[in-house]
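A look at the structure
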Amino acid sequence: QPFVSEPPKIRRLTPVECERLQGFPDEHTKYGKDGELISDTQRYKMCGNAVTTNVIQAVFERIFDERTF
């Protein structure tokens, strides 16, 4: 059996990975309306507050597909 001396390391997702999980294009949250760069902290917050519309759509499609009227 292999000997593991250290626990596996977990890394933080990048802002681009968070954007992709939410269905946004890459770098979607990188710049504000004024064209200035947005901090990674604020980018994480924006992605975390977003509604994942493709997931909600799939849930509602499943609900309405399974109903019989």
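Presented here is an overview of the structure given in this document. Numbering of residues begins from 1 in every chain and follows the order in which that chain's sequence is written. Reporting in this predicted model follows two pLDDT cut-offs: at least 70 for local features of residues, and 80 or more for side-chain atom pairs to be given and counted; totals over whole chains, interfaces and linings ignore these cut-offs and use all residues. Only hydrogens and water are set aside when side-chain values are computed; all heavy atoms of the structure are taken into account.

Regarding the overall build of the protein
Using the following cut-off: Helix and strand assignments follow DSSP, with helices taken as H or I runs no shorter than four residues and strands as E runs no shorter than two, numbered in order from the N terminus. Relative accessible area decides the class of each residue, using a 1.4 Å probe on protein chains only: under 20% of the type maximum gives buried, over 50% gives exposed, and in between gives partly exposed. Any two residues whose heavy atoms approach within 4.5 Å are treated as being in contact. All accessible-area figures derive from a Shrake-Rupley calculation using a 1.4 Å probe, and residue coverage is judged against the displayed protein chains alone.
The number of helices and strands found in the protein is three helices and zero strands. Starting at the N terminus, the α and β elements of the protein follow one another as α-α-α. Put simply, the protein has 69 residues, and 12% of those count as buried. In the protein, the proportion of contacts linking residues at least 24 apart, taken out of those at least 6 apart, comes to 42%. With the model as given, the accessible surface of the protein reaches about 6,300 Å², and the carbon-plus-sulfur share is 56%.

Description of the pattern of salt bridges
Here is the rule we go by: What counts as a salt bridge is simple: a side-chain nitrogen of Lys or Arg found within 4 Å of a carboxyl oxygen of Asp or Glu.
Within this structure, the stated rule accounts for six salt bridges. Here Arg43 makes a salt bridge to Glu19, at a shortest N to O gap of 3.1 Å. Of this pair, Arg43 sits in helix 2 (residues 40–49) while Glu19 sits in helix 1 (residues 15–22), and the two are 24 residues apart along the sequence. Considered together, Arg43 and Glu19 belong to a single accessibility category, that of buried residues. Residue classification places Arg43 among the buried residues on the basis of a relative accessible area of 6%. Connected through salt bridges with shared partners, the residues Glu19, Glu27, Lys30, Asp40 and Arg43 form a single ionic network.

Focus: the packing of helix 1 against helix 2
Condition: Convention adopted: a line fitted to C-alpha atoms gives each axis, helices being fitted over their contacting stretch, and angles between N-to-C directions are expressed from 0 to 180 degrees. In these notes the angle categories are as follows: under 35 degrees is roughly parallel, over 145 is roughly antiparallel, 65 to 115 is roughly perpendicular, and the rest is oblique. Note on convention: near helix rotated counterclockwise from far helix by under a right angle means a left-handed crossing. Clockwise means right-handed. Three categories are distinguished: nonpolar for Ala, Val, Leu, Ile, Met, Phe, Trp, Tyr, Cys and Pro, charged for Asp, Glu, Lys and Arg, and polar for the others, with Gly belonging to the last.
Two elements in contact, helix 1 and helix 2, have axes whose closest approach is 10 Å; the angle formed by their N-to-C orientations is 15°. One way to sum up the angle between helix 1 and helix 2 is to call them roughly parallel. For the pair helix 1 and helix 2, the sense of crossing is left-handed. Listed contacts from helix 2 to Pro15, Val16, Cys18, Glu19 and Gln22 of helix 1 are Asp40, Arg43, Tyr44 and Cys47. Along the lines of polarity and charge, the residues of the contact of helix 1 with helix 2 split into five nonpolar, one polar and three charged.

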